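Summary of structural features
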Amino acid sequence: MTAPRRALIVIDAQQEYFDGLLPIQYPVRDDSIASIQTAINTAQQTGTPVVLVQHELPAEAPVFASGSATWQNHPEVAAHENVAAKRISKQFSSIFAGTDLEAWLHEQGIGTITLVGYMTNNCVIASAAAAEPLGFAVEVLSDATGAIDLANDAGTAPARLVHETLMALLHSNWAAVTDTATWTEALRTSVALPKSDLITSAAQGRSSR
């Protein structure tokens, strides 16, 4: 099946996740940023629009402080700032909340958005879920995203468990989850990537117990 026109959305690939208070822990962040760079290069080679998103908070905020060193995009991403089809500043988890991204995507005739960047457990899942009622098909590249260890009053979860659990969750309903190499081939051939559904995922989950 032919995929609707795609856009690659690079979410918050910022220094906060490398040198700041929220270092990505799984997958290895140097590997994930390399996969993001590959995805950007492939998108540019195929004429696929690239959107760069940065989380931006007031200058006194402990993370993503506007203009700070950790607010800056990672150098591998910053190198593409001048040639990106669109750049967005956001203040919420979803890439759609408080931005003009939805309108811009419709204007560009985009039907499928491919999400890469950080974090799996916050902005990636929030954006994928928010895209559903807006009518966009969603793809998530598992090796070009990343999660952190979590611990709070509700419990603990290591980054690998967080990431792998959310990839399975996303693929069960909100997104076609794949790796960068598979997406690259699909992009070059304009093929739609398959995703599972909740009923099938539930049945397979029961049978695997």
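Residues numbered from 1 in each chain as written. Predicted model: local features only at pLDDT ≥ 70, side-chain atom pairs only at ≥ 80, totals over all residues. Heavy atoms only, no water.

**A closer look at the sheet that holds strand 4 (residues 112-118)**
The condition that has to hold: Pairs of strands are assigned from DSSP output, requiring at least two bridges between the strands. Here a strand is any run of E in DSSP of at least two residues, a helix any run of H or I of at least four, and the numbering for each starts at the N terminus. Structural elements are reduced to axes, namely lines fitted to C-alpha atoms, with helices fitted over the stretch in contact, and the angle between N-to-C directions of any two is expressed from 0 to 180 degrees. Any two residues whose heavy atoms approach within 4.5 Å are treated as being in contact.
Here we have six strands laid out as an open sheet, ordered 3-2-1-4-5-8, and parallel in their pairing. At either end of the open sheet lies a strand with only one pairing partner, and these are strand 3 (86-90) and strand 8 (176-178). Strand-to-strand twist in this sheet, taken as the mean axis angle between neighbours without regard to direction, amounts to 25 degrees. Relative to strand 4, strand 1 (residues 6-11) runs parallel, the two sharing six bridges. Its bridge partner lying in strand 4, Arg 6 is registered against Thr 112. Relative to strand 5 (residues 137-146), helix 1 (residues 29-45) is tilted by about 140 degrees, and along the sheet it contacts strand 1, strand 2 (50-55), strand 4 and strand 5. Taken strand by strand, helix 6 (residues 180-189) contacts strand 1, strand 4, strand 5 and strand 8, and its axis lies near 140 degrees from that of strand 5.

**What to know about the nonpolar core**
In globular proteins that are soluble, nonpolar side chains generally tend to be buried together. In plain terms, the rule: Definition used in this section: a nonpolar core is a set of buried Ala, Val, Leu, Ile, Met, Phe, Trp, Tyr and Cys residues joined via side-chain atoms within 4.5 Å. Burial status follows relative accessibility: with a 1.4 Å probe on protein chains alone, a residue under 20% of its type maximum counts as buried, one over 50% as exposed, and anything between as partly exposed.
The biggest cluster of nonpolar side chains holds 30 residues, and the ones touching the most others in it are Ile 9, Ile 95, Leu 105, Ile 113, Leu 115, Val 140 and Leu 170. Of all the elements in the fold, those that place two or more residues in this core are strand 1, strand 2, helix 3 (101-107), strand 4, helix 4 (120-131), strand 5 and helix 5 (159-171). The leading source of residues in this core is helix 4, at five residues. Formed by 28 residues, the second largest nonpolar core is a distinct cluster that contains Ile 24, Ile 33, Val 63 and Met 119.

**Notes on unusual backbone geometry**
A cis amide bond links Tyr 26 with the next residue in sequence, Pro 27, at an omega value of -10 degrees. A cis geometry characterises the amide bond from Tyr 118 onward to Met 119, with omega recorded as -15 degrees. Of note, Asp 12 is a non-glycine position whose phi angle comes to about 50 degrees, a positive value. On the secondary structure map, Asp 12 appears in the loop between strand 1 and helix 1.

**Looking at the environment of Glu 185**
If you trace the backbone, Glu 185 turns up in helix 6. Between the alpha carbons of Glu 185 and Thr 42 there is a distance of 9.6 Å; along the sequence they are 143 residues apart.

**Quick look at the layout of surface pockets**
For the record, the criterion: Cavities and pockets are defined on a 1 Å grid built over the protein atoms alone: a cavity is a set of grid points where a 1.4 Å probe fits but cannot escape, while a pocket is an open set with protein on both sides within 12 Å along at least five of seven lines, and lining residues are those with an atom within 4 Å of any such point. Grid points are joined across faces, edges and corners, and a volume is the space filled by probe spheres set on the points. Polar here means any residue outside two lists: the nonpolar Ala, Val, Leu, Ile, Met, Phe, Trp, Tyr, Cys and Pro, and the charged Asp, Glu, Lys and Arg; Gly therefore counts as polar.
Put simply, the largest pocket is a space of about 230 Å³. Every residue lining the largest pocket is counted, 16 residues in all, and those nearest its centre are Thr 112, Ala 137, Val 138, Leu 193 and Lys 195. Ranked by the residues each element gives to the lining of the largest pocket, the list is headed by strand 5, at three residues. Residue composition of the lining of the largest pocket, grouped by class: 10 nonpolar, two polar and four charged.

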